Amino acid sequence: MNKNVKISKRLLKCAKMVTSKGNIADVGTDHAYLPIYLALTNKISHAIACDIHKEPLNNAKSNVKLFNLENAVEVRQSDGLKNISSSEADTVVIAGMGGNLIAKILKDCKWENKKDKEFIFQPMKYENNLRVYLSKMGYEIKKEIAVKCSGKVYTVIKANYTAQPYELTPTQVYIGFLPDHLNDDAKCYIRKQLNDLYNRIKGAIAKGLKDQEAYYLKIIKKLKKLL
Ligand SMILES: C[S@@+](CC[C@H](N)C(=O)[O-])C[C@H]1O[C@@H](n2cnc3c(N)ncnc32)[C@H](O)[C@@H]1O
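Residues numbered from 1 in each chain as written. Predicted model: local features only at pLDDT ≥ 70, side-chain atom pairs only at ≥ 80, totals over all residues.

Participant: Which residues make up the overall build of the protein, and what are the values?
Facilitator: For the protein, the helix and strand inventory stands at eight helices and seven strands. Overall, the protein is about 60 × 40 × 30 Å in size when its C-alpha atoms are taken along their principal axes. Counting every position in the protein, which comprises 227 residues, the buried fraction comes to 37%. (Helix = DSSP H or I, 4+ residues; strand = E, 2+ residues; numbered from the N terminus. Buried ≥ 20, exposed ≤ 12 C-beta atoms within 10 Å, placed from the backbone.)

Printed below as a string of structure tokens:
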């Protein structure tokens, strides 16, 4: 690696969502590329790069050392946010995991003052479940972007905790809060979600579930109109 760590387009989109210039906690950091990139580009003052497993922590430590960033990036073992106190981070990034695991990490987080934090989530799958969890638990989704990377398409979600639960529309469950002007990546994400819905319809038809079939068809019609 040279002085400019090369991160994936997916992680770059996560990095672009970070606005605080403050302290971040990168949960499930693995190689610590994201906090290293953020520190090298002066987007943060400090990071805790945490992971539950020893091997990723060792990788993270070596990479942090390689860039002489030991003062800016602390590598720490933690299951989710359990070993991080709320005063240590104003931005929490949880990227590269399934939406259900991200929701579990949030559920297990006992921080009292979550309202002044910025949350950035990048689920690899089950993002619908994550959106539903966020809405029910009072995390307001402020922004969402789609990103194509290595032949797949993902979503990056920025949220704040307001403690006010809200109801998502069926379309929002599927495509979240993409900007009105859809770029190629966003259109690709909608197509991926359409494929998922077609599969669900097949399942509903096979089971003779007419209501479900009609429900999915309604969402499909709305998504198709966006393309
Ligand atoms: C696929 S890597 C993602 C790395 C990086 N965040 C990215 O997006 O490229 C997922 C990482 O999450 C870690 N992980 C899984 N469950 C975790 C948990 N409960 N708490 C912290 N880290 C966890 C794994 O050990 C693994 O290193």
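Participant: For the packing of helix H4 (residues 99-108) against helix H5 (residues 127-137), give the residues involved together with the corresponding values.
Facilitator: How two helices pack is summed up by the angle between their axes together with the distance between the axes. Closest axis-to-axis distance for the H4/H5 pair is 7 Å, and the angle between their directions is 25°. Compared by their axis directions, H4 and H5 come out roughly parallel. Facing Gly99, Asn100, Ile102, Ala103 and Leu106 of H4, the residues of H5 in contact are Glu127, Asn129, Leu130, Tyr133 and Met137. When grouped by side-chain class, the residues that make up the contact of H4 with H5 number six nonpolar, three polar and one charged. (Axes fitted to C-alpha atoms, helices over the stretch in contact; angles between N-to-C directions. Parallel < 35°, antiparallel > 145°, perpendicular 65-115°, else oblique. Contact = placed C-beta atoms within 7 Å. Nonpolar A, V, L, I, M, F, W, Y, C, P; charged D, E, K, R; others polar.)

Participant: Summarise the site of the ligand; cite the residues concerned and give the values.
Facilitator: Among the 16 residues in the neighbourhood of the ligand, the closest are listed as Gly28, Asp30, Pro56, Ala95 and Gly96. Taken together, the elements giving at least two residues each to the shell around the ligand come down to strand S4 (91-97) and H4. A per-element tally of the shell around the ligand places S4 first, with three residues. Class assignment for the residues of the shell around the ligand results in eight nonpolar, five polar and three charged. (Near = placed C-beta within 6 Å.)

Participant: Summarise the nonpolar core; cite the residues concerned and give the values.
Facilitator: Ranked by internal contacts, the top residues of the largest apolar core, which has 61 residues, are Cys14, Leu34, Leu38, Val93 and Ile94. Shared between two domains, this core holds at least three residues of each, these being domain 1 (9-168) and domain 2 (169-227). Leu38 has contacts with Ala15, Val18, Ile24, Lys43, Ile44 and Ala47, leaving out every residue within four places of it along the chain. (Core = buried A, V, L, I, M, F, W, Y, C linked by C-beta atoms within 7 Å. Domains from an automatic or database assignment.)

Participant: Can you lay out the sheet that holds strand S3 (residues 73-77) for me, pointing to particular residues and giving the numbers?
Facilitator: On the basis of which strands lie adjacent, the open sheet formed by seven strands has the order S3-S2-S1-S4-S5-S7-S6 and mixed pairing. Looking at which strands have only one partner, the edges of the open sheet turn out to be S3 and strand S6 (139-149). Each strand axis lies, on average, 20° off the axis of its neighbour in the sheet, ignoring direction. As judged from the six bridges shared by S4 and strand S5 (residues 118-123), these two strands associate in the parallel manner. Its bridge partner lying in S5, Val93 is registered against Ile120. The strands that helix H1 (residues 9-17) touches are S4, S5, S6 and strand S7 (152-161); relative to S6, the one it contacts most, it runs at about 150°. (Pairing = 2+ DSSP bridges.)

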